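# Structure at a glance
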Amino acid sequence: MKKSLREMTLRERFDSRGFSPQAYAKAYKVDRKTLYQVFSGEATGKKDSSNKSGDVKKIIAQLKKDKVWIGPLPWEV
């Protein structure tokens, strides 16, 4: 039985869209490590997490546009 989008992890949703982490990071000019930190929840874009000059917010906002990120953006809550 296939999981619904809400039941999938962020990484599973990303993979289901057919994106490549390396190509995605390169396209949006962020470090691939930053992308993996977003997937793991280590980087959230909030002031209390490492934000690497806005790269985390930039990549999370793009994931939202690409319908990978579900729900409000972490810094808007």
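Refer to the structure presented above.
Notes on the structure in this doc start here. (Residues numbered from 1 in each chain as written. Predicted model: local features only at pLDDT ≥ 70, side-chain atom pairs only at ≥ 80, totals over all residues. Heavy atoms only, no water.)

### Structural notes on the side chain of Gln62
Among the secondary structure elements, Gln62 is positioned in helix H4 (residues 55-65). When near neighbours in sequence (up to four residues on either side) are disregarded, Gln62 contacts Tyr24 and Tyr28. (Helix = DSSP H or I, 4+ residues; strand = E, 2+ residues; numbered from the N terminus. Contact = heavy atoms within 4.5 Å.)

### Points about unusual backbone geometry
Phi is positive for Lys29, close to 55°, though the residue is something other than glycine. Positive phi, normally seen in glycine, also occurs at Lys67, with a value near 60°. Mapped onto the fold, Lys67 is located in the segment after H4.

### Examining the nonpolar core
Grouped together as the largest cluster of nonpolar side chains are 16 residues, with contacts concentrated most on Phe14, Val38, Ile59, Ile60, Leu63 and Trp69. Secondary structure elements with two or more residues in this core: helix H1 (10-16), helix H2 (21-27), helix H3 (32-40) and H4. Considering every element that reaches this core, the biggest residue donor is H4, with 4 residues. Excluding anything up to four places from it in sequence, Ile59 contacts Tyr24, Tyr28, Val30, Leu35 and Val38. (Core = buried A, V, L, I, M, F, W, Y, C linked by side-chain atoms within 4.5 Å. Buried < 20%, exposed > 50% of the residue type's maximum accessible area, 1.4 Å probe, protein only.)

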